[in-house]
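Listed here are the chains, written in short residue letters.
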Number of protein chains: 2
Amino acid sequence: MRPTTKDLAKAAGVSLATVDRVLNKRPGVRKKTVEAVKKAIEEIGFVRNLSAANLAKSRQYRFRFLLPRRGDLFIAELRDRIFETNIGLAAEGMEITHQEISQVDPHLIAQTLLKIRRDEVDGIALMAPESPQVRDAAIRLQEKGVHVVHLISGQQKLSDMDFVGIDNHAAGATAARLIGRFVCGLQGKVMVVSETMNARDSLERRRGFDQVLTRDYPNLTALPSLETHGDEARAYEIISNMINNSPDIVAAYVMSSEARLPLNAVARQTDPQTLTVIAHELTDRTRKALVSGEVDAVIAQDSGHLVRSSVRLLRARCDKREIMRSQEQIRIEILIQENLLPAQCALRSNDHGSVANSFDD
Amino acid sequence: MRPTTKDLAKAAGVSLATVDRVLNKRPGVRKKTVEAVKKAIEEIGFVRNLSAANLAKSRQYRFRFLLPRRGDLFIAELRDRIFETNIGLAAEGMEITHQEISQVDPHLIAQTLLKIRRDEVDGIALMAPESPQVRDAAIRLQEKGVHVVHLISGQQKLSDMDFVGIDNHAAGATAARLIGRFVCGLQGKVMVVSETMNARDSLERRRGFDQVLTRDYPNLTALPSLETHGDEARAYEIISNMINNSPDIVAAYVMSSEARLPLNAVARQTDPQTLTVIAHELTDRTRKALVSGEVDAVIAQDSGHLVRSSVRLLRARCDKREIMRSQEQIRIEILIQENLLPAQCALRSNDHGSVANSFDD
DNA sequence: GTTGATCTGAGGTACGTACCTCAGCTATCA
DNA sequence: TGATAGCTGAGGTACGTACCTCAGATCAAC
């Protein structure tokens with residue numbers, strides 16, 4: 001049997017109350033006594049029983065994800081993962097919800113943030129385009145005692161500690177490297193498409209992309225970023241314009257998390273099989289594109305990891321714990337046809353019915 | 001507050017005892033009553049409090065990883081992850097150990113397996129080359145009540161349910177695709193190196209590799225597999241022979257998890273920068289090779305995931321639970337210079353001192 | 001040596017579930 | 001009608017930690 005606090009008290013020659021004070025960093029214990037207890041902890045190899053601690057605390061954590069309202073496949077993925085995580089962690093006293101926010105208007109987002117009360121949630125994971133208003137509102141929220149982490153995009157270097165997502169500079173560099181190698185020395189232009197360049201993540205990806213491309217692949221020239229603004233007609237128009245004006249396009253980099261519109265537009269304009277195409281995020285659309293050869297590689301961040309990592313980070317904040325940041329690093333995944341897992345992403349078809357309990361025989 | 005069993009009892013109009021019987025699938029409850037309780041569960045949204053349940057059960061899980069004795073960097077990685085996982089899960093009543101076993105001799109491995117008693121461990125994660133003796137010993141062990149999962153390699157299709165690791169056929173295919181694309185239409189031969197072709201994983205990788213290469217890249221011919229048997233001198237000899245006999249080698253695929261010897265041998269024989277090289281597993285050696293350009297891509301499986309997934313699987317077996325297999329799928333990661341995380345793998349330098357508790361101020 | 005502040009011990013309750021016993025209840029069948 | 005088996009309720013203890021109160025001990029400074 002593992003030693004308990006009682007054993008620890010005996011080993012340290014103090015009472016249970018003192019052990020408790022030391023373990024929970026409560027005041028009113030002499031340094032010498034603290035040391036004695038710590039020594040005993042090492043000696044008998046005491047490890048706090050988390051189950052018991054959680055039970056005793058009967059602590060509840062209520063976290064809320066704020067995601068843009070747009071009907072994006074990637075956002076849908078995230079929502080599904082939030083739902084799953086909620087189910088999985090409900091048994092551990094967590095309640096994880098999500099709320100839609102404006103996809104663009106910083107004022108509206110800031111308003112939404114400021115409306116959040118300390119007594120309804122303990123933490124927020126926010127996915128929103130960069131803006132001073134949002135940043136300030138987030139800071140205000142923190143001051144109220146609601147912890148905030150920034151998901152995927154993140155605000156102007158508040159602190160890296162609050163960010164959950166991939167290194168977008170590196171992701172852009174990865175895209176450039178793949179295009180550079182796949183294109184095989186061909187001379188030509190590279191089309192770059194994004195939903196908007198107002199987002200911090202797009203800007204960073206672009207910088208990383210350009211850096212590698214100009215340094216290592218003089219045969220390739222990156223064209224100015226096209227912005228779809230999530231509008232299908234517009235996407236088609238600007239992309240077809242671009243393709244018609246630059247017949248020497250040999251590759252395309254779709255930077256935004258919603259690759260559907262750009263991919264559809266490209267597909268209508270040219271034979272994507274002959275074009276080297278790199279897109280972001282694994283969704284049903286990019287998965288199909290990967291399988292058909294329409295896309296050569298997908299650069300992805302695991303949506304489940306994003307959600308779980310956010311939750312762990314928020315929870316650590318609530319407990320005033322530090323966290324192993326290196327273990328929470330979100331990987332930049334490179335996906336091609338061959339390393340797509342059969343189940344990956346196809347999970348969307350799950351019905352969300354009765355997963356909560358396991359009495360289904 | 002979340003509803004408790006007491007609330008559930010009230011809602012279902014039964015006693016706590018009956019609720020308990022239903023929740024824990026104990027006999028002696030009429031079907032009708034069971035249904036009533038289940039209905040109440042749905043209605044009030046009852047979710048078992050895991051902390052309380054674990055505490056009440058005061059269940060301990062003792063799992064042991066059996067890893068080959070060789071001093072491999074990849075194995076060292078795994079050991080470190082086991083150590084970490086043990087620390088992280090100790091608070092949840094898990095005790096995760098590891099034991100070295102013969103790296104080759106099936107008889108010795110089988111003997112080791114058969115020596116394991118039910119009262120010392122609840123489950124085993126076994127990494128061993130395929131052989132009938134080992135397979136039988138594993139089955140015997142299961143009959144004794146010790147759960148067994150097969151790590152990375154796996155035995156002849158016992159059951160996919162017992163396997164933790166990547167799809168090696170797909171991994172080989174991935175390697176072939178990368179080489180095919182990176183080589184840019186060049187005509188030539190591809191060298192294939194492994195530690196041994198007796199391992200199931202190597203065979204499967206080879207098959208996946210050949211399949212894609214012969215189908216999609218007629219410009220490339222894969223050479224017969226070279227086996228280093230973990231011997232440095234031998235590795236150098238066979239590889240230099242191969243290189244001297246086939247001057248038109250344009251690429252190399254290092255299949256085994258220990259890439260050190262083959263990479264060193266290749267480096268001594270030829271300029272690896274001009275060769276397209278794909279290796280397996282992220283270790284200090286492959287990481288350096290990736291950064292220097294000696295290796296073009298690394299195909300990896302996350303060692304931490306391997307360990308944690310094994311533990312989850314074993315635990316599910318102990319609890320007689322089914323598990324979401326799709327969530328336990330180990331991803332085939334493609335790593336290039338650009339998407340290497342700064343922290344990734346460099347963790348080896350950690351001292352393993354006082355991570356067990358968090359009183360370090 | 002007294003006062004006050006600081007530290008420590010003893011003992012309690014609470015968290016939500018698991019698992020036990022035993023008494024009593026309800027159908028079923030002889 | 002009574003015996004039997006199957007079902008249900010009442011009540012208890014246990015798990016290990018958190019957090020509370022209050023009394024008593026210790027130590028410093030005066």
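Given the structure is predicted, the values throughout are model-derived calculations rather than measurements.

Here we come to the pattern of salt bridges. Counting across every chain of the model gives 54 salt bridges over all chains. One salt bridge connects Arg26(B) with Asp20(B), and the closest N-O pair in it is separated by 2.7 Å. Salt bridges here are not isolated pairs; linked through shared partners, they connect Arg177(A), Arg215(A), Asp216(A) and Glu338(B).

This part takes up the protein's contact with DNA strand D. Of all residues adjacent to DNA strand D, which total 24 residues, the nearest are Thr5(A), Ala56(A), Thr18(B), Arg30(B) and Thr33(B). In DNA strand D, atoms within 4 Å of the protein come 70% from sugar and phosphate. Arg48(A) is positioned such that a nitrogen or oxygen atom in its side chain is 3.0 Å from a phosphate oxygen of DNA strand D. For the surface near DNA strand D, the elements supplying multiple residues, two or more each, are helix 4 (50-57) of chain A together with helix 2 (16-23) and helix 4 (50-57) of chain B. Top contributing element to the surface near DNA strand D by residue count: helix 4 of chain A, with 4 residues. The residue makeup of the surface near DNA strand D, split by class, is 9 nonpolar, 9 polar and 6 charged.

A word on the sheet that holds strand 4 (residues 147-151) of chain B. Ordered by their spatial adjacency, 5 strands build an open sheet running 2-1-3-4-5 (chain B), and the pairing between neighbours is parallel. In the strand order of this sheet, the two ends are held by strand 2 (94-101) and strand 5 (163-164) of chain B, each with one partner.

Residues and elements named next belong to chain B. For helix 12 (residues 284-292), the set of buried residues is Arg285, Thr286, Arg287, Ala289 and Leu290. Summarising the contacts, the buried residues of helix 12 are in contact with helix 5 (73-90), helix 11 (260-269), strand 9 (276-280), strand 10 (297-300) and strand 11 (333-335). Looking one or two residues beyond helix 12, the residue adopting positive phi is Gly293, at roughly 90 degrees.

Moving on, we get to the protein's contact with DNA strand C. In the vicinity of DNA strand C there are 24 residues, among which Thr18(A), Arg30(A), Thr33(A), Thr5(B) and Ala56(B) approach most closely. Of all DNA strand C atoms lying within 4 Å of any protein atom, the proportion belonging to sugar or phosphate reaches 70%. One of the backbone N or O atoms of Arg30(A) is found 2.8 Å from a phosphate oxygen in DNA strand C. Between DNA strand C and Leu55(A) there is a distance of 3.5 Å, counted from a base oxygen to a backbone nitrogen or oxygen. Among the secondary structure elements, those contributing two or more residues to the surface near DNA strand C are helix 2 (16-23) and helix 4 of chain A together with helix 4 of chain B. At 4 residues, the largest contribution of residues to the surface near DNA strand C is made by helix 4 of chain B.

A few words on the side chain of Ser303(A). Residue and element names in this part refer to chain A. The residue Ser303 is located in helix 13 (residues 303-318) in this model. Here Ser303 falls in the buried class, since its relative accessible area comes to 9%. Here Glu77 takes part through its side chain, which lies 3.3 Å from a polar atom of the side chain of Ser303.

Attention shifts here to the domain arrangement of chain A. Its domain assignment divides chain A into domain 1 (5-57), domain 2 (61-165 + 304-330) and domain 3 (168-300). On a C-alpha basis, the centroid separation for the pair domain 1 of chain A and domain 2 of chain A is 34 Å.

A few words on the packing of aromatic side chains. With the rule as written, the count across this model stands at 5 aromatic pairs over all chains. With a centroid separation of 6.0 Å and an interplanar angle of 40 degrees, the aromatic rings of Tyr61(A) and Phe63(A) are classed as tilted. Here Tyr61(A) and Phe63(A) have matching classes, each one buried. In this structure, Arg59(B) is placed above the aromatic ring of Tyr61(B), and the distance from its NZ or CZ to the ring centre is 4.5 Å.

Moving on, we come to the packing of helix 11 of chain B against helix 12 of chain B. All names here are of chain B. Following both chains from N to C, one finds helix 11 and helix 12 inclined at 35 degrees, their axes separated by 9 Å at the closest point. For the pair helix 11 and helix 12, the crossing hand works out as left-handed. Taken together, the residues of helix 12 that come into contact with helix 11 (itself represented by Arg260, Leu263 and Asn264) are Arg285, Thr286 and Ala289. Grouping the constituent residues of the contact of helix 11 with helix 12 by class yields 2 nonpolar, 2 polar and 2 charged.

So, on to the sheet that holds strand 2 (residues 94-101) of chain A. Residue and element names in this part refer to chain A. Taken in spatial order, the 5 strands make up an open sheet running 2-1-3-4-5, and their pairing is parallel. Across the chains shown, the open sheet's two edge strands, defined by having one partner strand only, are strand 2 and strand 5 (163-164). Note: strand 3 (residues 123-126) against strand 4 (residues 147-151), 4 bridges, orientation parallel. Directly across from Ile124, in strand 4, lies its bridge partner Val148. Together, strand 1 (61-68) and strand 2 form the strand contacts of helix 5 (residues 73-90), whose direction differs from that of strand 2 by roughly 160 degrees.

The next subject is empty space enclosed by the protein. A complete count under the given rule lists 2 cavities of 30 Å³ or more for this structure. Along its surface, the largest cavity is lined by Arg331(A), Ile332(A), Glu333(A), Ile334(A), Leu335(A), Asn339(A), Arg331(B), Ile332(B), Glu333(B), Ile334(B), Leu335(B) and Asn339(B). Class assignment for the residues of the lining of the largest cavity results in 6 nonpolar, 2 polar and 4 charged. Within this model, the second largest cavity holds a volume of roughly 30 Å³. In terms of lining residues, the second largest cavity is bounded by His305(A), Arg331(A), Glu333(A), His305(B), Arg331(B) and Glu333(B). Looking at the lining of the second largest cavity, its residues break down into no nonpolar, 2 polar and 4 charged.

Here the focus is the relation of the copies chain B and chain A. It takes a turn of 180 degrees to lay chain B on chain A, together with a shift of 0.0 Å along the axis; the resulting RMSD is 0.1 Å. Seen this way, the second copy is the image of the first under a two-fold rotation axis. In terms of C-alpha distance to the rotation axis, chain B has Ser51(B) as its closest residue, with the C-alpha 2.1 Å off the axis. Of all interface residues in chain B, 98% are interface residues in chain A too; the two copies therefore contact each other through one and the same surface.

Moving on: the interface of chain B and chain A. Often the size quoted for an interface is simply the accessible area lost on bringing the parts together. If you look at the interface, chain B gives 56 residues, while chain A gives 56 residues. Summed over both sides, the interface of chain B with chain A buries roughly 5200 Å², with 55% coming from carbon and sulfur. Across the contact surface, chain B and chain A share 8 salt bridges. With its nearest N and O atoms 2.5 Å apart, the salt bridge here joins Arg331(A) to Asp302(B).

Let us look at the state of the cysteines. The tally for this structure, following the rule as stated, stands at 1 disulfide over all chains. What pairs with Cys184(A) in a disulfide is Cys184(B), and their sulfur atoms sit 2.3 Å apart. Where Cys184(A) bonds to Cys184(B) through sulfur, the torsion about that S-S bond is close to -90 degrees, and the disulfide is left-handed. Taken together, the residues span two chains, with Cys184(A) in the loop between helix 8 (168-182) and strand 6 (188-194) and Cys184(B) in the loop between helix 8 (168-182) and strand 6 (188-194). Taking relative accessible area as the criterion, Cys184(A) reaches 32% and is therefore assigned partly exposed.

As a further point, take unusual backbone geometry. For Lys25(A), which is not a glycine, the phi torsion comes out positive at approximately 50 degrees. Unlike most non-glycine residues, Cys184(B) shows phi in positive territory, near 60 degrees.

A separate point is the pairing of strand 6 of chain B. Residue and element names in this part refer to chain B. With respect to burial, strand 6 is a largely interior element, 6 of its 7 residues being buried. Bridge count for strand 6 against strand 7 (residues 220-227) is 6 bridges, and the pairing is parallel. What sits directly across from Ser194, in strand 7, is Glu227. Where the polypeptide runs from strand 6 across helix 9 (residues 200-216) and back to strand 7, its parallel neighbour, the crossover connection is right-handed. Where strand 6 and strand 8 (residues 249-254) come together, 5 bridges link them in parallel fashion. Bridge pairing in strand 8 links Lys189 to Ile249.

Here is what the cut-offs are and how they apply
Residues numbered from 1 in each chain as written. Chains lettered and ligands numbered in written order. Predicted model: local features only at pLDDT ≥ 70, side-chain atom pairs only at ≥ 80, totals over all residues. Heavy atoms only, no water. Salt bridge = Lys/Arg side-chain N within 4 Å of Asp/Glu carboxyl O. Near = heavy atom within 4 Å. Polar contact = N/O pair within 3.5 Å; in protein donor to acceptor, adjacent residues only side chain to side chain. Helix = DSSP H or I, 4+ residues; strand = E, 2+ residues; numbered from the N terminus. Nonpolar A, V, L, I, M, F, W, Y, C, P; charged D, E, K, R; others polar. Pairing = 2+ DSSP bridges. Buried < 20%, exposed > 50% of the residue type's maximum accessible area, 1.4 Å probe, protein only. Contact = heavy atoms within 4.5 Å. Domains from an automatic or database assignment. Phe/Tyr/Trp six-rings, centres within 6.5 Å; stacked < 30°, edge-to-face > 60°. Lys NZ or Arg CZ within 6 Å of the ring centre and 35° of its normal. Axes fitted to C-alpha atoms, helices over the stretch in contact; angles between N-to-C directions. Left-handed = near helix turned anticlockwise from the far one by under 90°. 1 Å grid on protein atoms, 1.4 Å probe; cavity = no way out; pocket = protein on both sides within 12 Å on 5 of 7 lines; lining within 4 Å. Points joined across faces, edges and corners; volume = space filled by probe spheres on them. Least-squares fit on C-alpha atoms with pLDDT ≥ 70 in both. Buried area = accessible area lost by both parts, 1.4 Å probe. Disulfide = S-S within 2.5 Å. Right-handed = clockwise from strand over helix to strand, strands pointing away.

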